[in-house]
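Chains, contacts and geometry: an overview
Below are the chains, spelled out letter by letter.
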Amino acid sequence: MGSVRTRIPPSPTGYLHVGNAWAAFFNWLFARRHGGQVVLRIEDTDPARSSPEYERAIYEDLRWLGIDWDEGPDVGGPYGPYRQSQRAHLYREAAEALLRAGAAYRCYCTPEEIEQERQRALAERRPYRYSGRCRARSEAEVRALEREGRRPALRLDVGRFHDPRWVSADGWLQARREDGGDRLYVVVHDLIRGEVAFALDELDDFIVVRSDGTALYNFANVVDDHGMRITHVVRAVEHLSNTPRQVLLYRALGWEPPQFAHLPVLVGPDRKKLSKRHGDTALREYRDELYLPEALRNFFALMAWYPEDGREIFSTEELVQRFDLSQVGRASPVFDRQKLLWMNGEYMRRALREDPDRVVDLVAGYLARQGLLPEQLPPEQRTYVRRVVEVLGERIKEGADVLRYGDFFFLETPRYEPQAVASYLQGEQAAAVLRLAQEVAREVEPFAADTLEAALRRAAAERGLSMRAVVHPVRVALTGKTVGPGLFELMEVLGRERVLRRLEHAVAVGTAAGSAV
RNA sequence: GGCCCCAUCGUCUAGAGGCCUAGGAUACCGCCCUCUCAAGGCGGAGACGGGGAUUCGAAUUCCCCUGGGGCCA
């Protein structure tokens, strides 16, 4: 393949959505696989909903994900501008070219008139298609309409494609024999779906430029993709139905259309297109929850595509080497958060092994967002976080796990779970165990995991207590919960002072809970 | 309403006419390890939407239906 150019066309009307991030990633994979370029185009034609803040957020989120681009509003490039809001003159030029070629005509019908036609068609139970009333207005008529103050929209004259000259081209327009004779089809050669044919007579003269002079999506897209020398348009299937119109536009302008590949749509557990209703859909929410970009990339790759059977974990380099558009699936994948969580756990454990400092920084940032640590960490606090991370270890699969298993490390007094208190802190037996633990904690030297374990085991054995009988109450006393890191490691990190204080406090908690019952 | 796309375990998927007694992963359930949880090991349950046709043989090809999604809006 010569020089592949793909595009990523986000709208700055919100944070980058996981569905768009996924499509962006496939565009990126494909371009990198073929040594091509990625173009970032900001589709900000809706000024009311677009904002520079969102645009910046999109750059940030894409970069965080590990997607880079060769041309775009921020980095420039030879085929700019890369914001649609700055390309109005190019749409105007193309519209004029269409008019000059006789491929489009001015339409003075008002939206109300069109709506009436549509209603009539609906009532008569026949498909609506624009009548073509304005296709051949006389100059006098046009003058009269202009005098009324009407401004024309621009429509593509689809009728002119009913001409055998186009058929001989290169297969994009095909005559197919049907019962009644030949029928013309616009055939889209989709890299994922194969040939998809649309009957030409199903397409009416569609609007290309509104009466206020703004370009319609289909038109702007064609002008941009051609202008930016895009060779492969890789986008969601929802655009497939628009593709024949776009193909017609390319041809009307005398341009060669790019190759198309229509990806399935990411859906939620209810099989509906992924949206805010499904919970976290902004990529940055995953970042904030401690999802790692490499995990997301690996997970993304496994939706609608499998690099090879029998393996799940792939480095991004491997993904780039293997990526093959023709192997991409056609069915809509459900975004499965459970599998993502598992995947993130895999990468989190890897990060812990290979770059623990990175995990420490991530966890510290997470705790700061939770209000449990200051934004700027003094060195000794960072060291503390580091020890906590070591002790929490592979339990951290996402941000919430830091709290689920280790919030007590950062709280003055642990949050005592009522269930845990009821099970392990109430009664004489529990109090006795806590007293015993206090003795041990007061005397053991040094205050370290191995010495603590040895001393506590000895003490338990002397009283004929099982290890379980000792460990559970002490764990609840120190952490407020029944799950978490190894008890002795956790004690060492907490330190003698706090352990003694919490043990003391827990006796009171147990008593209070007991009398409340 | 017309047109277009899609359809294998709950989920991600392997499967390109015989390798399928439908494979893997995740989730779930047991057991093991163990101070709990997590991780890990072992095992279990779990799918070709329905009907026709082609073929010696269909998850795989074709048609219809059903169900989901999208475009025109």
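Residues numbered from 1 in each chain as written. Chains lettered and ligands numbered in written order. Predicted model: local features only at pLDDT ≥ 70, side-chain atom pairs only at ≥ 80, totals over all residues. Heavy atoms only, no water.

Bringing the overall build of chain A into the picture now. Per the secondary structure count, chain A includes 21 helices and ten strands. Over its C-alpha atoms chain A spans a radius of gyration of 32 Å, topping by over 25% the 24 Å that the globule rule assigns to 517 residues. Seen through its C-alpha atoms, chain A measures out along the principal axes to roughly 110 × 50 × 50 Å. Here chain A, with 517 residues, has 50% of them falling under the buried criterion. (Helix = DSSP H or I, 4+ residues; strand = E, 2+ residues; numbered from the N terminus. Rg over C-alpha atoms; globule rule 2.2 N^0.38 Å. Buried < 20%, exposed > 50% of the residue type's maximum accessible area, 1.4 Å probe, protein only.)

Two numbers describe how helix α17 (residues 428-443) lies on helix α18 (residues 449-462): the axes approach to 10 Å, and their chain directions differ by 140 degrees. By the angle between their axes, α17 is oblique relative to α18. In the packing of α17 onto α18, the handedness of the crossing is right-handed. Here L436, A437 and V440 of α17 lie close against α18, whose contacting residues are A455, L456, A459 and A460. Taken together, the residues of the contact of α17 with α18 sort by class into seven nonpolar, no polar and no charged. (Axes fitted to C-alpha atoms, helices over the stretch in contact; angles between N-to-C directions. Parallel < 35°, antiparallel > 145°, perpendicular 65-115°, else oblique. Left-handed = near helix turned anticlockwise from the far one by under 90°. Contact = heavy atoms within 4.5 Å. Nonpolar A, V, L, I, M, F, W, Y, C, P; charged D, E, K, R; others polar.)

Among the nine residues that make up helix α10 (residues 293-301), nine are buried, leaving the element largely enclosed by the rest of the structure. Of the residues making up α10, those classed as buried are P293, E294, A295, L296, R297, N298, F299, F300 and A301.

Cis geometry is adopted by the peptide bond preceding P81, which originates at G80 and carries an omega value of -5 degrees. Among the secondary structure elements, P81 is positioned in the loop between α2 (52-65) and α3 (88-100). A positive phi angle is found at L290, which is not glycine, with a value near 75 degrees. Here L290 is to be found in the loop between α9 (283-288) and α10. We classify L290 as buried; its relative accessible area is 2%. Non-glycine residue A304 carries a positive phi angle of around 70 degrees.

This part takes up the pattern of salt bridges. Taken as a whole and judged by the stated rule, the model has 50 salt bridges. Close ionic contact of K481 with D407 constitutes a salt bridge, the shortest N to O distance being 3.0 Å. One end of the pair, K481, is in the loop between α19 (467-479) and α20 (487-494); the other, D407, is in the loop between α15 (399-406) and α16 (418-424), and 74 residues separate them in sequence. By the burial criterion, K481 is buried, and D407 matches it. (Salt bridge = Lys/Arg side-chain N within 4 Å of Asp/Glu carboxyl O.)

Let us look at the pairing of strand β2 (residues 37-40). Looking at chain direction, strand β1 (residues 5-8) and β2 are connected through four bridges and run parallel. Bridge assignment links T6 to a residue of β2, and that residue is V38. Of the crossover connections in this fold, the one passing from β1 over helix α1 (residues 18-33) to the parallel β2 is right-handed. (Pairing = 2+ DSSP bridges. Right-handed = clockwise from strand over helix to strand, strands pointing away.)

In this section: the protein's contact with RNA strand B. Within the structure, RNA strand B sits among 50 residues, and K272, L302, A304, E394 and R395 are positioned closest to it. Within 4 Å of the protein, the contacting atoms of RNA strand B are drawn from sugar and phosphate to the extent of 76%. Note that a sugar or linking oxygen of RNA strand B is positioned 2.9 Å from one of the backbone N or O atoms of T482. Elements supplying a minimum of two residues to the surface near RNA strand B: β7 (194-199), α12 (337-354), α19 and α20. Here the surface near RNA strand B takes five residues from α12, the largest share from any one element. In the surface near RNA strand B, the residues fall into 19 nonpolar, ten polar and 21 charged. (Near = heavy atom within 4 Å. Polar contact = N/O pair within 3.5 Å; in protein donor to acceptor, adjacent residues only side chain to side chain.)

For the rest of this paragraph, the subject is the packing of helix α13 (residues 356-369) against α15. For the pair α13 and α15, interaxial distance at closest approach is 10 Å and the crossing angle is 80 degrees. Considering the angle they form, α13 stands roughly perpendicular to α15. Here V363, Y366 and L367 of α13 lie close against α15, whose contacting residues are G399, A400, V402 and L403.

Here the focus is the sheet that holds strand β3 (residues 104-107). Spatially, β3-β4-β8 is the arrangement adopted by the three strands of the open sheet, whose pairing is antiparallel. Pairing within the sheet leaves two strands with one partner each, and these edge strands are β3 and β8 (207-209). With strand direction ignored, the average angle separating the axes of adjacent strands in the sheet is 45 degrees. Alignment of β3 against strand β4 (residues 153-156), held across four bridges, turns out to be antiparallel. The partner of R106 across the bridge, within β4, is L154.

Buried within α15 we find G399, D401, V402 and G406. End-on view of α15: buried residues confined to an arc of 160 degrees, all on one side of the axis. Next to the buried residues of α15 lie α13 and α14 (379-392). (Arc of directions from axis to C-beta.)

The next point concerns the environment of G486. Mapped onto the elements, G486 comes out in the loop between α19 and α20. Exposure remark for G486: the relative accessible area of 26% places this residue in the partly exposed category. Sequence-distant contacts of G486, that is, excluding residues within four places in its chain, are made with R395 and R475.

Turning our eyes to something else, we now look at the side chain of R475. Position of R475 among the secondary structure elements: in helix α19. Nearest to the buried, unbridged R475 among oppositely charged side chains is E489, at 7.3 Å. In this structure the side chain of R475 is engaged in a polar contact, spanning 3.3 Å, whose partner is the backbone oxygen of G484. Once residues lying within four places of it in the same chain are set aside, the contact partners of R475 are G480, K481, T482, V483, G484, P485, G486, L487 and L490. (Lys, Arg positive; Asp, Glu negative; His and termini not counted.)

Any functional reading would require information that these geometric values do not contain.
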